[in-house]
Every structure is written in structure tokens, then in C-alpha cells.
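# Coordinate analysis (summary)
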Amino acid sequence: MSLMIFFALLAGVLVGSSRSVNGRLALTTSALMASFWNHAVGFGALVLAGLAGFSLWPEGVGAIPLWAWVGGPLGVVFIASGSWLVARLGAVVTAMMVIAGQMVSGVVIDLIRGLPGSGMMRLAGVLLIIAGMVIAQGRKR
Amino acid sequence: MPEARLQKPSPFLLLAAFGSGALLSLMILCNATVTAHTNGHFSSLAAHGSGMLAALIVLAALPAARRSWRGGAPLWAFSGGLMGAVTVALGTVAVNSPLALSGMIALGLLGQVVYSLLADRFGWFGLPKRRPDGRDALVVGLILAGCLLIVWGGAA
């Protein structure tokens, strides 16, 4: 269990550090170039992991709906924007705003899909997040 | 190397970051669908492969978007993709453990907050140095509290 806690914490640290590293790469290349390398290096690592035990073309690939393949290109825009923003907003504010967008859009997606949950708690959560964004905007630099 | 300078967090920059977070939600929805039909490894492989191709096509079509392939960057600056691939693997393991999704989200947020406060304070990885202040603490507190309410509200 404590190993799982460590894994979850480490995942959070890696989300932040990969954004910083890509941000550094974008400084001397471009945000899109940093995103390209991020995907190319990750792809290479996953191909190697695949050769070590996972199938590179598992059963069920044919049944994947076409729209789900958009995840990759969306990731390109996500990594490029994060690389560009982290050098301008800093790590804390970038992380907080990305998390805010992820949470608020997650609430909207859950509502659209009709998933159960407490409306009041979600509304309160969204309001706190918006308050945080408004306060962040008051920083001088 | 060009000196990176922090800017005032204008509504444009903040909303751009907010929008990229919304994009992340859609991306996770797509990738989870691929996982449901195959497995976590293939989902990550497919997302990285299709993303690599999409980025390459745009880079080839728009010279303005490429500037330089390597930019004289040190080798470690190309490790972001490795970290991302490991993150996905760790997340898959943790979410299927007794921590469950809400526990993993809460701990993942904590990891991000601690990392980013230290990264700003010490200017890690060649990015601008900036001492986090009381305003940052308030922003972090409000947004984390909002996240926890949403995570628990969804689980209720």
C-alpha cells in the first residue's frame, strides 16, 4: 500500500517535471518541436516495452471507435501548450490552471454523460476553483 | 540560450492553461476508450505514435513552427516523453490498487503541488526562478479544496 502511495505521488511529480523539461526544450526549439520529441521518445520507449512483453497490435484494435484515435493529436496540443506556458506562468500557476481546467471540464463531461454524484459539492468545488483563478490573475509577474 | 522571463498571469495565459486542462480531459476520455478495447500499454503506444505523426505533419507543413530540431538542448531535455510514459504506467498500477481513483487523484495533485513549488523556488531545469508567495498559497489552497470537493462529490 505504501508503495502505491509512493507511485501516485511520483506520478504527480513526473507530470510536473516532464512539463518543465519540455518547457526547457521549447525555449531553444519551439513548443511544437518539444511536443514532437516528447511523443517520439515516449513512442520509442513504449515500442521497446512492447517488444519486452506486450503485443504491439493486440486483439480489439479494429473495434476502437474512430473518434478515440483523436487522443494522440490532442496530446500534442496539450504538451505544446504546457511547454509554452510553463516558461511564462511558472510551474505552480501552470499546474494549478491545468488542474482547474481538467476538473471543471471533468464535471461538465460527467454531467453530459449523466454520471451520478452530488451536484452541490461539485458546484461548490467549481466556485472555489474559479475563485483561485481570479486571485492568480492579480499577481504582478 | 534565451533567458526565460515570467509574465504577468494575464487572463489570456490563464485561460489558455485552463483550456489545455479541458483538452486533457478529452484526451483521457479518448485514451480510456482505447484502453477499454485493448490495454493500457497499447493505448499509450497509440496515443504517442499518432501524436508523433500529427506533430511531424504540422512541423513539415509549417516551417515557422519548427525553428530548430535540436536547438543545442542537453540530452536530458528530451526526457519528457520518458517521464510521460512512466506516469501513465504508474497511474494504471495505482488506480487498480486500494487507493482507487480518488486516492490516486488526491496524491497525484499533492505530488504536482510540492514539485511545482520547489521547481519555481529554485528555477529547476533552466526555467525562471520565483519565490512562491502568499498569493500562490491561496491559489493552491482554493484550487485543491475545489478539486477535493469535486472528486468526493463525484464519488458520493
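Residues numbered from 1 in each chain as written. Chains lettered and ligands numbered in written order. Predicted model: local features only at pLDDT ≥ 70, side-chain atom pairs only at ≥ 80, totals over all residues. Heavy atoms only, no water.

Let's shift gears to the interface of chain A and chain B. Taken together, the contact between chain A and chain B spans 112 residues of the former and 112 residues of the latter. At the boundary of chain A with chain B, total buried surface from both sides reaches about 10,000 Å², with 78% on carbon and sulfur atoms. Where chain A packs against chain B, one counts zero salt bridges. Counting across the chain A and chain B interface gives 19 residue pairs in polar contact (both at pLDDT 80 or more). (Contact = heavy atoms within 4.5 Å. Buried area = accessible area lost by both parts, 1.4 Å probe. Salt bridge = Lys/Arg side-chain N within 4 Å of Asp/Glu carboxyl O. Polar contact = N/O pair within 3.5 Å; in protein donor to acceptor, adjacent residues only side chain to side chain.)

Judged by nonpolar contacts, the single largest core of 33 residues is most densely connected at Met96, Met97 and Ile129 of chain A together with Ile143 of chain B. Counting only elements with at least two residues in this core, the list comes to helix 3 (71-89), helix 4 (91-112) and helix 5 (119-136) of chain A together with helix 1 (11-37), helix 4 (100-122) and helix 5 (134-155) of chain B. The element that contributes the greatest number of residues to this core is helix 4 of chain A, accounting for ten residues. Among all residues touching Ile143 of chain B, those that are not within four sequence positions of it are Met96, Met97, Ile99, Ala100, Ile129, Gly132 and Met133 of chain A. (Core = buried A, V, L, I, M, F, W, Y, C linked by side-chain atoms within 4.5 Å. Buried < 20%, exposed > 50% of the residue type's maximum accessible area, 1.4 Å probe, protein only. Helix = DSSP H or I, 4+ residues; strand = E, 2+ residues; numbered from the N terminus.)

All names here are of chain B. For the pair helix 1 and helix 2 (residues 40-61), interaxial distance at closest approach is 7 Å and the crossing angle is 135 degrees. Our classification of the angle between helix 1 and helix 2 gives oblique. Between helix 1 and helix 2 lies a crossing of right-handed hand. Each of Asn31, Val34 and Thr35 in helix 1 lies in contact with helix 2, whose residues at this interface are Gly40, Phe42, Ser43 and Ala47. In the contact of helix 1 with helix 2, the residues fall into three nonpolar, four polar and no charged. (Axes fitted to C-alpha atoms, helices over the stretch in contact; angles between N-to-C directions. Parallel < 35°, antiparallel > 145°, perpendicular 65-115°, else oblique. Left-handed = near helix turned anticlockwise from the far one by under 90°. Nonpolar A, V, L, I, M, F, W, Y, C, P; charged D, E, K, R; others polar.)

This brings us to the pattern of salt bridges. Applying the stated rule across the entire model yields two salt bridges over all chains. Here Asp110 of chain A and Arg122 of chain A are joined by a salt bridge, their closest N and O atoms 3.7 Å apart. In this pair, Asp110 of chain A is assigned in helix 4 and Arg122 of chain A in helix 5, connecting sequence segments twelve residues apart. The exposure class of Arg122 of chain A is buried, given its relative accessible area of 5%. Linking Arg130 of chain B and Asp136 of chain B is a salt bridge whose minimum nitrogen-to-oxygen distance equals 2.6 Å. The two residues Arg130 of chain B and Asp136 of chain B agree in class, both being buried.

Turning our eyes to something else, we now look at unusual backbone geometry. All names here are of chain B. Look at Arg67: it is not a glycine, yet its phi comes out positive at around 55 degrees. In this model, Phe125 sits at a positive phi of 60 degrees, which is unusual for a non-glycine residue. Along the chain, Phe125 falls in the loop between helix 4 and helix 5.

With that out of the way, let us pick up the environment of Val21 of chain A. Looking at the element boundaries, Val21 of chain A is found in helix 1 (residues 2-28). Residue Val21 of chain A is classed as buried on the basis of its relative accessible area, which comes to 0%. Separated by 109 residues in the primary sequence, Val21 of chain A and Ile130 of chain A have C-alpha atoms spaced 28 Å apart. Among residues more than four places away in sequence, those in contact with Val21 of chain A are Trp76, Ala77, Phe78, Ser79, Gly80, Met83 and Phe125 of chain B.

Turning to the domain arrangement of chain A, a few remarks are in order. By a frequent convention, interface size equals the accessible area lost on bringing the separate parts together. Residues and elements named next belong to chain A. Per the domain assignment, the segments of chain A are domain 1 (15-54 + 68-89) and domain 2 (91-141). Placing the centre of domain 1 and that of domain 2 at their C-alpha centroids yields a distance of 24 Å. For domain 1, the biggest contributors to the area lost against domain 2 are Arg19, Val86 and Leu89; these three give 78% of the whole. Counting the contacts that link domain 1 with domain 2 gives zero salt bridges. If you look at where domain 1 meets domain 2, you find one residue pair in polar contact (both at pLDDT 80 or more). Ranked by residue count, the leading element in the side of domain 1 that touches domain 2 is helix 3, at four residues. Classifying every residue of the side of domain 1 that touches domain 2 gives four nonpolar, no polar and one charged. (Domains from an automatic or database assignment.)

Inspection of every chain in the model, using the stated rule, returns nine aromatic pairs over all chains. Measuring from centroid to centroid gives 6.4 Å for Phe6 of chain A and Phe7 of chain A, while their planes differ by 45 degrees, and the two rings are tilted. A residue is classified by how much of its surface remains accessible, and Phe6 of chain A, at 47% relative accessible area, is partly exposed. Look at Trp37 of chain A and Phe78 of chain B: their rings are 5.3 Å apart centre to centre, the planes differ by 90 degrees, and that puts the pair in the edge-to-face class. Pair noted here: Trp37 of chain A is in helix 2 (residues 31-51) and Phe78 of chain B is in the loop between helix 2 and helix 3 (80-95), and the two residues belong to different chains. Looking at Trp37 of chain A, the relative accessible area reads 23%, which means it is partly exposed. For Phe78 of chain B, a relative accessible area of 11% gives the class buried. What links up through ring pairs into an aromatic cluster is the set Phe36 and Trp37 of chain A together with Trp69 and Phe78 of chain B. Its guanidinium or amino end placed over the ring of Phe122 of chain B, Arg121 of chain B lies 5.0 Å from that ring's centre, counting from NZ or CZ. (Phe/Tyr/Trp six-rings, centres within 6.5 Å; stacked < 30°, edge-to-face > 60°. Lys NZ or Arg CZ within 6 Å of the ring centre and 35° of its normal.)

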